[in-house]
Amino acid sequence: MSTTGPASRATVYGYPRQGSKRELKKATEAYWAGSSDAEQLLATTRQLRRERLQLLRDAGVEEIPSNDFSLYDHVLDTAVLLGAVPPRHREAVPDVSTPQGRLDRYFAMARGNDQVAPLEMTKWFDTNYHYLVPELGPDTSFALDPEKPLREFTEASNAGVITRPVLVGPVTFLLLAKPAPEVGDGFEPLSLLDRIVPLYADLLARLRAAGAEWVQLDEPALVLDQPAAVLDALRGAYATLTAGVDRPKLLLATYFDRVGEALPVLRDSDLDGIGLDFVGPASANLADLTAAGGLGDKRLVAGVVNGHNIWAADLTAALDILENLRGLAGRVDVSASCSLLHVPLDVALERDLDPGIAGWLAFARQKLDEIVTLTKGLTAGRDAVSDLLRANAERLASRAASPLVRVDAVRQRAGAVADADLYRASPYGKRDLVQAERLNLPPLPTTTIGSFPQTAGLRSARAALRTGTMSPDSYVAAMRDEIRDVIAEQEEFGLDVLVHGEPERNDMVQYFAEQLDGFLATTDGWVQSYGSRYVRPPIILGDVSRPRPMTVEWATYAQSLTDKPVKGMLTGPVTMLAWSFVRDDQPRADTARQVALALRDEVTDLEAAGIGVIQVDEPALRETLPLRDGDRAAYLAWAVDAFRLTTSGVRDETQIHTHMCYAEFGDVLQAIIDMDADVISLEAARSKMAIVADLARADYPNEVGPGVWDIHSPRVPSVDEIAEHLRIATDAFPSERLWVNPDCGLKTRGYPEVRATLTNLVAAARQVRPPI
Ligand code: GLN
Ligand code: ZN
């Protein structure tokens, strides 16, 4: 392949918004608290964008995006851009003639206020980023509000950089939307495509007039299995957009998986450039693109650096891919697989990272260097970057050989897992009898999901322990006090199966990650979860094992305070993976198995310590379902196996619970059955117990606790309301296999509503219980 041809360029689809000290979080929260004004907030955002622009330019990124910045969320920005503001938010903030008015309406949509509920929030594809779900109906009055993309473009061009504005594309925008509350569920937002495409065309012309040469339209929805009707809509929309005379060149970006059936549509369109992901499950794009004969003279933006994970890239392997791609497009540019929004900012910010390990990692800033190196290697030949390639290969080799990464004892144990380890000794029908005898619970037993309110006192105790102003002994004493109070409260409410309340846990994944070998915590690896909320996912670095028990002392202390059964509480293996950055050097299934074995030891230790009920939470099981249908069965198989491996080592009389929330469970019902937990609690209040009928239809054979309290709201449901929910459940499902509990943990709630609701919950259960 010749190295002449048009030179490749280094680019990214987007960069973290937060600022190196999370200035954006502080600035928005100060604005919400009323301690700063619109002017101050906007000044901070301008400064952050200026710094970002400088950083990207200094790093050598040749084509820099704009409008990837957001005060809260880019899908919300798109709704505002198109005028898709629900009537309730227009009424709540009628005047948007001032910057403050605009901000207040925007934040009302994002977070709600005293008068109005916000838009719903949900996960952005298979990341842990949440976007706001646009609400649309036949009466939505679209009108272009182009201020933000134009302002951010002009701001950068005034600083001397012609950026590539980024927009959520029209097809993805509509596919992510839902029918407005006043509209029936049958309404298809995609039917509005013809109404929004002209607004996009108008915006493109304005961006062109402002000097934009390229505009990036993000269409990640194309990596989901899409029916022919969606592909037709896509074809039509982009035929219109590319027909515009005064338009910039258009780059359609896809990421997170392969584009599959949409590839021929994109290839045959008049789009000027296509962005494809070549990492993980999306590596199939390479074969698909080859089979399709390439993109002709279109520009290909090749996502060869993983934007979804934190490992240093294998630069030589990435160059191999890039060189293969060069014959398949008019020009090949180098990028991360997706926006760098989903990884932390900079490894250099880490305060106690071993320098050897630091070299294995690439956060957003390091990924820029990788992209620039690859671009140079592709354009000027490998010799031009041979030193960097050699250093990269050495770092990868040191990672592969590290005793932190490969622990033979762990690998041997994982390799020796037998089928029998995945099965309880007896089927549920038999376990149920011994458990009933041991636990002696009433019909419709009551319980909670685990956490009790995380009070300011608990948080400051944890902070004091961290900074050393509280001794470990006094910290333990403070937690024990809390557990004693939580147990006493639960006895007061009359609950049947108690919990210790999880006061000692900062976060349900981090708490275990800190105690397991093979996990690495970061000090500054913040990633945006939603709005001003950032999380620091742990990194699974190497083979995982449990050096010592993690929860047994807390659980046995709690059990010593009461005659009622106390439920031990663990986070399941699938959720541990889902909310961490996972290894890229072995299949997820192998990592999950190691985590499961570590947790299995904890389960058996809890059992040996006399804990008769053990809950293994898997709230994330549904959310890491692969994006493509064809990949789902394999995922569910290993996910279910990991759960079973965690929980099957106990005797029949030990009752295993699990818990799931934040998701529709319809497409994982069989997996829920296969998990074979004795009891599962599920979020159900908002859907008025619809899941119970689904479980009945699926012949769910074990016990279930459909949530009767939507814990996302402080509202206290009355006894009658809870009883009403319970009757819906007992009408649909055998009542001898039903439990009564809230939707999820109570950590974000306050004590007043917790006390009132749990008292009502117990009263409702007693009312609905059949007489014994
Ligand atoms: N046991 C956890 C809690 O109650 C479960 C949290 C969750 O489902 N996300 O907080
Ligand atoms: Zn939950």
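Residue positions within a chain follow its written sequence, with the count starting from 1. Each chain gets a letter, beginning with A, and each ligand a number, beginning with 1, in the order they are written. Local features are withheld for residues below a pLDDT of 70 in this predicted model, meaning they are given only at 70 or higher, and side-chain atom pairs are given and counted only at 80 or more; totals for whole chains, interfaces and linings count all residues. To obtain the side-chain values, all non-hydrogen atoms of the structure were included, while hydrogens and water were left out.

Helix and strand counts for the chain come out as 28 helices and 20 strands. Radius of gyration: over C-alpha atoms. The globule rule applied is 2.2 Å multiplied by the number of residues raised to the 0.38 power. Its C-alpha radius of gyration of 27 Å places the chain within 12% of the 28 Å reference for a compact globule of 772 residues. Over its C-alpha atoms, taken along the principal directions, the chain stretches across nearly 80 × 60 × 55 Å. Only protein chains enter the accessibility calculation, which uses a 1.4 Å probe. A residue is then buried if its area is under 20% of the maximum for its type, exposed if over 50%, and partly exposed in between. In the chain, which comprises 772 residues, the share counted as buried stands at 59%. Any two residues having at least one pair of non-hydrogen atoms within 4.5 Å are treated as being in contact. Counted over contacts in the chain with a minimum sequence separation of 6, partners at least 24 positions apart contribute 80%. Note on areas: these come from Shrake-Rupley sampling with a 1.4 Å probe, and a residue is covered only by the protein chains present in the view. Split by element, the accessible area of the chain, about 29,700 Å² in all, is 51% carbon and sulfur. For the chain, the distance from the average site of its 80 positive side-chain charges to the average site of its 109 negative ones is 3 Å. Numbering of helices and strands starts at the N terminus; helices are DSSP runs of H or I of at least 4 residues and strands are runs of E of at least 2. The charge count includes Lys and Arg as positive and Asp and Glu as negative, but it does not include His or the ends of the chains. Just so you know, the charge point we use is NZ for Lys, CZ for Arg, CG for Asp and CD for Glu.

Attention shifts here to the coordination of the zinc ion (ligand 2). Water is not among the atoms examined, so metal sites may look incomplete; donors are the N, O and S atoms within 2.8 Å of the metal, or within 3.2 Å for Na, K and Ca. The coordination sphere of the zinc ion (ligand 2) contains the protein donors H659 (NE2), C661 (SG) and C744 (SG), at a distance range of 2.0 to 2.3 Å. The sequence motif formed by the donor residues of the zinc ion (ligand 2) is H-x1-C-x82-C. You can see H659 sitting in strand 18 (residues 655–660) and its partner C744 sitting in the loop between helix 27 (719–732) and helix 28 (751–768), a full 85 residues away along the chain. Classification of H659 as buried rests on a relative accessible area of 2%. On the accessibility criterion, C744 (12% relative accessible area) is buried.

Both faces of strand 19 (residues 679–682) are covered, namely the face carrying V679 and S681 and the face carrying I680 and L682. Each parallel crossover has a hand, and the one from strand 18 via helix 25 (residues 669–675) to strand 19 is right-handed. Two strands make a pair as long as DSSP finds a minimum of two bridges between them. Across four bridges, the pairing between strand 19 and strand 20 (residues 703–706) is parallel. Residue S681 lies in a different strand from strand 20, and its bridge partner there is G705. A clockwise path from the first strand over the helix to the second, with the strands pointing away from the viewer, defines a right-handed crossover.

Okay, the layout of surface pockets next. Of the pockets and cavities examined, the second largest pocket occupies roughly 800 Å³. Detection works on a 1 Å grid of protein atoms alone, calling trapped sets that fit a 1.4 Å probe cavities and calling open sets with protein on both sides within 12 Å along at least five of seven lines pockets, with lining residues defined by an atom within 4 Å of a point. Forming the boundary of the second largest pocket are 42 residues, of which D77, V80, L81, Y106 and K148 lie nearest the centre. Mapped onto the lining of the second largest pocket, the elements with two or more residues apiece are helix 2 (38–59), helix 3 (74–81), helix 5 (99–111), helix 6 (147–158) and strand 5 (164–168). Here the lining of the second largest pocket is composed, by residue class, of 20 nonpolar, nine polar and 13 charged. Grid points are joined across faces, edges and corners, and a volume is the space filled by probe spheres set on the points. Residues are grouped as follows: Ala, Val, Leu, Ile, Met, Phe, Trp, Tyr, Cys and Pro are nonpolar; Asp, Glu, Lys and Arg are charged; all remaining types, including Gly, are polar.

Now for helix 24 (residues 632–647). For a helix, the expected span equals 1.5 Å multiplied by the number of residues minus one. With 16 residues, helix 24 should reach 22 Å at 1.5 Å per residue; the first-to-last C-alpha distance of 23 Å fits that figure. Tucked into the core, helix 24 has its buried residues touching helix 22 (573–578), helix 23 (588–608), strand 17 (613–617), strand 18 and helix 25.

Moving on, we get to the sheet that holds strand 11 (residues 331–336). If you trace the seven strands from one edge of the open sheet to the other, you get 1-5-7-8-9-10-11, paired in parallel fashion. A single partner strand is all that each edge strand has here, and the edge strands are strand 1 (65–66) and strand 11. Two elements, strand 1 and strand 5, share two bridges in a ladder whose sense is parallel. Residue pairing across strands places P65 opposite R164, the latter belonging to strand 5.

Turning our attention to the pattern of salt bridges. Should a side-chain nitrogen of Lys or Arg be within 4 Å of a carboxyl oxygen of Asp or Glu, the pair is scored as a salt bridge. Applying the stated criterion across every chain yields a total of 56 salt bridges. A salt bridge links E504 to R505, with the nearest nitrogen and oxygen atoms 3.1 Å apart. R505 matches E504 in its accessibility class, with the two residues each being buried. The partner of E721 in a salt bridge is R715, and the shortest N-O contact between them spans 2.8 Å. Take E721: its relative accessible area is 26%, and that puts it in the partly exposed class. Each of R9, E63, R164, R299, R331 and D333 takes part in one network of salt bridges that share partners.

Moving on to unusual backbone geometry. Among all residues except glycine, the phi angle is most often negative; among peptide bonds, the trans geometry is most common. For N67, which is not glycine, the phi torsion reads 65 degrees and is therefore positive. For N67, the location among the structural elements is in the loop between strand 1 and helix 3. What makes N67 buried here is its relative accessible area of 12%. Of note, D699 is a non-glycine position whose phi angle comes to about 55 degrees, a positive value. If you trace the backbone, D699 turns up in the loop between helix 26 (690–697) and strand 20.

This part covers the side chain of T522. Relative to the elements of secondary structure, T522 occurs in the loop between strand 12 (517–520) and strand 13 (527–530). At 3.1 Å, the side chain of T522 forms a polar contact with the backbone nitrogen of G525. Beyond its immediate stretch of four places on either side in the chain, T522 contacts E350, F363, R536 and I539. By the criterion applied in these results, polar contacts are pairs of N or O atoms within 3.5 Å in which, for protein atoms, one can donate a hydrogen and the other can accept it, and in which residues neighboring in sequence qualify only through two side-chain atoms.

This part takes up the side chain of T575. Along the polypeptide, T575 turns up in helix 22. Among the polar contacts listed, one links the side chain of T575 to the side chain of E618, at a separation of 2.6 Å. Once residues within four sequence positions are removed from consideration, T575 is found in contact with V509, D617, E618, P619, A620 and L621.

The next point concerns the sheet that holds strand 17. Ordered in space as 16-17-18-19-20, the five strands form an open sheet in which the pairing is parallel. Both outer strands of the open sheet, strand 16 (567–571) and strand 20, are each paired with one neighbouring strand and no more. Ignoring strand direction, the axes of neighbouring strands in this sheet form an average angle of 20 degrees. With five bridges connecting them, strand 17 and strand 18 associate as parallel partners. Bridge pairing links I614 to I656 in strand 18. What counts as an axis is a line fitted to C-alpha atoms, over the stretch in contact for a helix, and the angles between N-to-C directions run from 0 to 180 degrees.

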